[in-house]
Amino acid sequence: MSTTDLFTIGYEQSTPSAFQAALDDAKVDLLVDVRAVAASRRPGFSKTALAAGIAEHGIAYVHLRALGTPKEGRLAARGGDHEALMRIYEAHLATAPAQAALEELASLAKGRRICLLCYERHVEGCHRLRLAQWMCERLDIGVTHLMPAPF
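Predicted, not measured: the structure shown is a model, and the values here were computed from it.

Participant: How would you explain helix α5 (residues 96-109) if you had to name every residue and give the values?
Facilitator: In this model, α5 (14 residues) spans 20 Å end to end at C-alpha, consistent with the 20 Å of a helix rising 1.5 Å per residue. As for α5, its buried residues are in contact with β2 (30-33), α4 (82-93), β4 (113-118) and α6 (128-139). Glycine 111 lies just past α5 and shows a positive phi near 75°.

The following block contains the structure:
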């Protein structure tokens with residue numbers, strides 16, 4: 001195993017302070033937003049507010065939009081069709097923009113404690129699980145799925 005550490009986190013059912021505490025406890029130094037749309041109705045979790053909030057704790061922020069789930073995949077996820085979500089997402093990962101973003105993600109991870117961010121609280125229902133698997137295989141690293149305290 002390399003010294004690189006990988007984490008994932010979802011902000012569903014969390015407050016910004018609990019979310020930040022989970023990142024701090026894990027000593028994350030780079031949050032990689034893998035949402036296709038980095039906006040949220042939840043205060044503190046849209047791109048600009050999120051980046052500013054974590055920067056106060058010394059955590060950098062990068063949004064890799066090309067690693068987000070395409071609209072049809074998000075619709076499948078909302079409908080509870082995890083199989084369709086993963087099928088759609090696997091096809092998306094084969095596209096040139098996603099491949100370039102995967103390479104960027106692998107490069108960002110070297111020597112850093114990075115955390116992949118999406119909405120879903122439970123990683124099992126989220127595309128970030130597939131990204132974490134790819135990273136673990138590619139970089140020979142382990143992953144910890146963070147779960148901030150619920151509100």
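Participant: Got a sec to walk through the nonpolar core? Specific residues and values, please.
Facilitator: Membership of the largest hydrophobic core comes to 25 residues, with the highest contact counts inside it found for Leu67, Ile114 and Met135. Ignoring any residue separated from it by four or fewer positions in sequence, one finds isoleucine 114 in contact with Asp5, Leu6, Phe7, Val28, Leu30, Val32, Leu105, Leu108, Ala109 and Met135. Core analysis: the next-biggest nonpolar cluster, separate from the first, contains 18 residues, Ala22, Tyr61, Cys115 and Leu117 among them.

Participant: How would you explain the layout of surface pockets if you had to name every residue and give the values?
Facilitator: What the largest pocket holds in volume is close to 670 Å³. Around the largest pocket, the lining is made up of 20 residues, and of these Tyr11, Arg74, Arg78, Tyr119 and Glu120 lie nearest the centre. Here the element with the most residues in the lining of the largest pocket is helix α3 (residues 71-78); it accounts for three residues. Classifying every residue of the lining of the largest pocket by side-chain character gives nine nonpolar, five polar and six charged.

Participant: Kindly report on the pairing of strand β1 (residues 5-10), identifying the contributing residues and their values.
Facilitator: Most of β1 sits out of view: five of its six residues are buried. Here β1 pairs with β4 via six bridges, running parallel. By the bridge assignment, aspartate 5 is partnered in β4 with arginine 113.

Participant: Describe the side chain of glutamine 20, naming the residues involved and giving the relevant values.
Facilitator: Inspection of the secondary structure puts glutamine 20 in helix α1 (residues 16-26). According to the relative accessible area criterion, glutamine 20 is buried, its value standing at 8%. With sequence-adjacent residues up to four places away left out, glutamine 20 is seen in contact with Gly53, Ile54, His57 and Ile59.

Participant: Outline the packing of aromatic side chains, listing residues and values.
Facilitator: Going through the model one piece at a time under the given rule, you end up with three aromatic pairs. Judged by centre distance (5.2 Å) and plane angle (80°), the ring pair of tyrosine 11 and tyrosine 119 falls under edge-to-face. On the criterion of sequence distance, the pair formed by tyrosine 11 in the loop between β1 and α1 and tyrosine 119 in the loop between β4 and α6 is long-range, its members being 108 residues apart. A relative accessible area of 34% means that tyrosine 119 is categorised as partly exposed. Here the aromatic residues Tyr11, Phe19, Phe45 and Tyr119 are joined through ring pairs into a cluster of three or more.

Participant: Now, about the sheet that holds β4: what can you tell me, with residues and values included?
Facilitator: A sheet is described by the order of its strands in space; here five strands give the open sequence β3-β2-β4-β1-β5, paired in parallel fashion. Each edge of the sheet is formed by a strand with only one pairing partner; in this case those strands are β3 (60-63) and β5 (143-145). Strand-to-strand, the axes of this sheet are offset by a mean angle of 25°, without reference to chain direction. Note that β2 and β3 share four bridges and pair parallel. Each bridged residue has a counterpart across the sheet, and for leucine 30 the counterpart in β3 is alanine 60. Helix-sheet contacts for α1 involve β1, β2 and β4, and the interaxial angle to β1 is about 170°. Packed onto the sheet, α5 meets β2, β3 and β4 and runs at close to 140° relative to β4.

The rules behind each value
- Residues numbered from 1 in each chain as written.
- Predicted model: local features only at pLDDT ≥ 70, side-chain atom pairs only at ≥ 80, totals over all residues.
- Heavy atoms only, no water.
- Helix = DSSP H or I, 4+ residues; strand = E, 2+ residues; numbered from the N terminus.
- Expected span 1.5 Å × (residues − 1).
- Contact = heavy atoms within 4.5 Å.
- Core = buried A, V, L, I, M, F, W, Y, C linked by side-chain atoms within 4.5 Å.
- Buried < 20%, exposed > 50% of the residue type's maximum accessible area, 1.4 Å probe, protein only.
- 1 Å grid on protein atoms, 1.4 Å probe; cavity = no way out; pocket = protein on both sides within 12 Å on 5 of 7 lines; lining within 4 Å.
- Points joined across faces, edges and corners; volume = space filled by probe spheres on them.
- Nonpolar A, V, L, I, M, F, W, Y, C, P; charged D, E, K, R; others polar.
- Pairing = 2+ DSSP bridges.
- Phe/Tyr/Trp six-rings, centres within 6.5 Å; stacked < 30°, edge-to-face > 60°.
- Axes fitted to C-alpha atoms, helices over the stretch in contact; angles between N-to-C directions.

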